[in-house]
Amino acid sequence: MITALRAFVARILVGPLFFFAGQAAAACGPWPSWEAFKSAYLSLDGRVIDPMHADHRTVSEGQAYALMFALVANDRASFDRLLVWTTNNLSRGDLNLHLPAWRWGKREKDDSWGVIDPNSATDADVWIAYALLEAGRLWAEPRYTALADRMIANIGRQEVRDLERLGTTLMPAPHGFVHETYFRLNPSYLALQPLRRFAVHTGDTLWPAVLASSRRVLLESAPKGIAGDWVEWHPLRGFVPDGKTDGIGSYDAIRVYLWIGMLDAADPDRRELLDRYAPVAATFAADGRPPERIEIATGRTRGAGPGGFSASLIPFFSARGDFGAVAQQKVHLAVQTATDAKRYYDGALRLWSDGWESGRFRFAADGSLRVAWPDCAAVASQGSRR
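Here, residues in each chain are numbered from 1, in the same order as that chain's written sequence. Totals for whole chains, interfaces and linings use every residue, but because this is a predicted model, local features are given only for residues with pLDDT of at least 70 and side-chain atom pairs only at 80 or more, for both listing and counting. Values reported for side chains reflect all heavy atoms of the structure, with hydrogen atoms and water molecules removed beforehand.

Description of the side chain of Ser214
The condition that has to hold: Numbering goes from the N terminus for both helices and strands, where a helix is a DSSP run of H or I of at least four residues and a strand is a run of E of at least two. For every residue, the accessible area (1.4 Å probe, protein chains only) is compared with the maximum for its type, and the residue is labelled buried under 20%, exposed over 50%, or partly exposed between those bounds. The contact criterion used throughout is that any non-hydrogen atoms of two residues lie within 4.5 Å.
Note that Ser214 resides in helix α9 (residues 206–220). The class for Ser214 is buried, based on a relative accessible area of 0%. Look past the residues within four positions of Ser214 in its chain and what remains in contact with it is Leu190, Leu192 and Leu195.

See the structure below:
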């Protein structure tokens, strides 16, 4: 068993997974953080519940993230429950035809349960399609791949627009973000990993064009190195801080740093993005706490961010080689654990960071998902024969 584990460690140091040697054993065991997340937020029938809200809502983003976590954990039973619930309750029974409604819960007017807002949310749609695509490959299940193909096509038709002077752009949703003289965009919806994977998988020229505009949004909408929750694109003026949210970077924007931090070292945009957002560290408190809100135009801050913010910044600072900042974020993460216990969103951010840092998954340069469990199974098999 020891010889097999050593061989595994040697292989991952040079192989496609890029896990650290010290993470190998931990990545091959059960994932306690996923089990805790399921216990706290996942219903028996496959619904991720946000207990912080009176309507006990489920948002499509939560379903998307949980599908990703289930795949990383090699938990196919939970994956299928999540997929069935999402299909039946958010997609009118057919995910092939209908992108998921973004919000489901208890309706105020009559206390009935169901879809509260039928508009879809592009970030959730992209991550659900990506989870299905990678599940089809990793679990050798053509049904998932076919469903992913349909979703990718529907995203392209319904949630992509050609914006003047910006190009082929991923909008936040099919409806509600096109205004007379400008367009509202959400930088945190533009994770490059799934978009790059769509481009490679489909061979459709649409997705390289979406990647190009997404790169521009991420770089040009943050001239001071601070991501906004929302930004406006004015064809004649360029990017402008969002008026509806007062130009703030907060609960949405924190994911920009998370996605960038998890880019593969060979990703062509990684270095420029890491450098662009490096100034965000100057907004932290003296003890290294990330702020809850930052004005992207001035850098002024308000409040202290929850533990999920610190979790999101761990991959970012790791990618920059700032391990002192990583250590600080881990301290804040530990302190905030009890406070954040009922916050689904913080739980999700923590799980993204935990899975990445523990070596359970990586994103390759082509956007594909690399998970630890296939190699763990090989190690176990070799060990049993010794």
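Read on, since the account is not over.
Side note on the side chain of Thr122
Applied cut-off: Pairs of N or O atoms within 3.5 Å make up the polar contacts considered here, provided that, within protein, one atom can donate a hydrogen while the other can accept it, and that residues adjacent in sequence are counted only when both atoms are side-chain atoms.
As for its position among the elements, Thr122 is in helix α6 (residues 122–138). A distance of 2.6 Å separates a polar atom in the side chain of Thr122 from the backbone oxygen of Met171. Non-local contacts of Thr122, meaning those with residues more than four positions away in its chain, are made with Glu159, Leu170, Met171, Pro172, Ala173 and Tyr189.

Observations regarding the environment of Leu236
Counting through the fold element by element, Leu236 comes out in the loop between β7 (231–234) and β8 (238–241). Between the alpha carbons of Leu236 and Glu164 there is a distance of 9.0 Å; along the sequence they are 72 residues apart.

So, the pattern of salt bridges
This is how it is decided: Think of a salt bridge as a Lys or Arg side-chain nitrogen and an Asp or Glu carboxyl oxygen that are within 4 Å of each other.
Taken as a whole and assessed by the stated rule, the structure comprises 23 salt bridges. Between Glu272 and Arg215 there is a salt bridge whose closest N-O contact spans 2.4 Å. In this pair, Glu272 sits in helix α11 (residues 270–276) while Arg215 sits in helix α9, placing the two residues 57 residues apart along the sequence. Judged by its relative accessible area of 40%, Glu272 falls in the partly exposed class. With relative accessibility at 27%, the residue Arg215 sits in the partly exposed group. Look at the salt bridges and you will find they share partners, linking Arg196, Arg215, Asp267, Asp269 and Glu272 into a network.

Quick word on unusual backbone geometry
A positive phi angle is found at Arg165, which is not glycine, with a value near 65°. For Arg165, the position within the fold is in the loop between β4 (160–163) and β5 (167–170). Although it is not a glycine, Asp246 adopts a positive phi angle of roughly 60°. Relative to the assigned elements, Asp246 resides in the loop between β8 and β9 (248–249).

Description of the state of the cysteines
Selection rule: Note on disulfides: each one is a pair of cysteine sulfur atoms within 2.5 Å.
Scanning all chains against the criterion turns up one disulfide. In this model Cys28 forms its disulfide with Cys376; the gap between the sulfur atoms is 2.3 Å. Between Cys28 and Cys376, the disulfide has an S-S torsion of -85° and is therefore left-handed. Here Cys28, found in the loop between α2 (24–27) and α3 (32–41), pairs with Cys376, found in helix α15 (residues 373–384); they are 348 residues apart in sequence, far enough to count as distant.

Notes on empty space enclosed by the protein
The line we're drawing: A pocket here means an open set of points on a 1 Å grid, computed over the protein atoms alone, that has protein on both sides within 12 Å along at least five of seven lines. A cavity is instead a set of points where a 1.4 Å probe fits but cannot get out; residues with an atom within 4 Å of a point line either one. Grid points are joined across faces, edges and corners, and a volume is the space filled by probe spheres set on the points. In the scheme used here, Gly and all other residues not listed as nonpolar or charged are polar, with Ala, Val, Leu, Ile, Met, Phe, Trp, Tyr, Cys and Pro taken as nonpolar and Asp, Glu, Lys and Arg as charged.
Taken as a whole and judged by the stated rule, the model has two cavities of 30 Å³ or more. Its volume calculated, the largest cavity comes out at about 100 Å³. Those elements giving two or more residues to the lining of the largest cavity turn out to be α10 (254–261), β10 (291–295) and α12 (307–320). Tallied by class, residues from the lining of the largest cavity come to eleven nonpolar, two polar and two charged. Volume-wise, the second largest cavity comes out at about 60 Å³. When residues of the lining of the second largest cavity are assigned to their parent elements, the largest contribution, three residues, is made by α10.

Quick notes on the packing of aromatic side chains
For the record, the criterion: Stacked, edge-to-face and tilted are the three classes for Phe, Tyr and Trp ring pairs, Trp counted by its six-membered ring, which pair at centre distances within 6.5 Å; planes under 30 degrees apart are stacked, over 60 edge-to-face, the rest tilted.
In total, this model carries 33 aromatic pairs according to the counting rule given. Between the aromatic rings of Phe177 and Trp230, the centroid separation amounts to 5.2 Å while the plane-to-plane angle is 5°, which identifies the pairing as stacked. In this pair, Phe177 is assigned in the loop between β5 and β6 (183–185) and Trp230 in the loop between α9 and β7, connecting sequence segments 53 residues apart. Like Phe177, the residue Trp230 is buried in the burial classification. For the pair Tyr257 and Phe316, a centre-to-centre distance of 5.8 Å together with 70° between the ring planes defines the contact as edge-to-face. Of this pair, Tyr257 sits in helix α10 while Phe316 sits in helix α12; the two residues are 59 residues apart in sequence, bridging distant segments of the chain.

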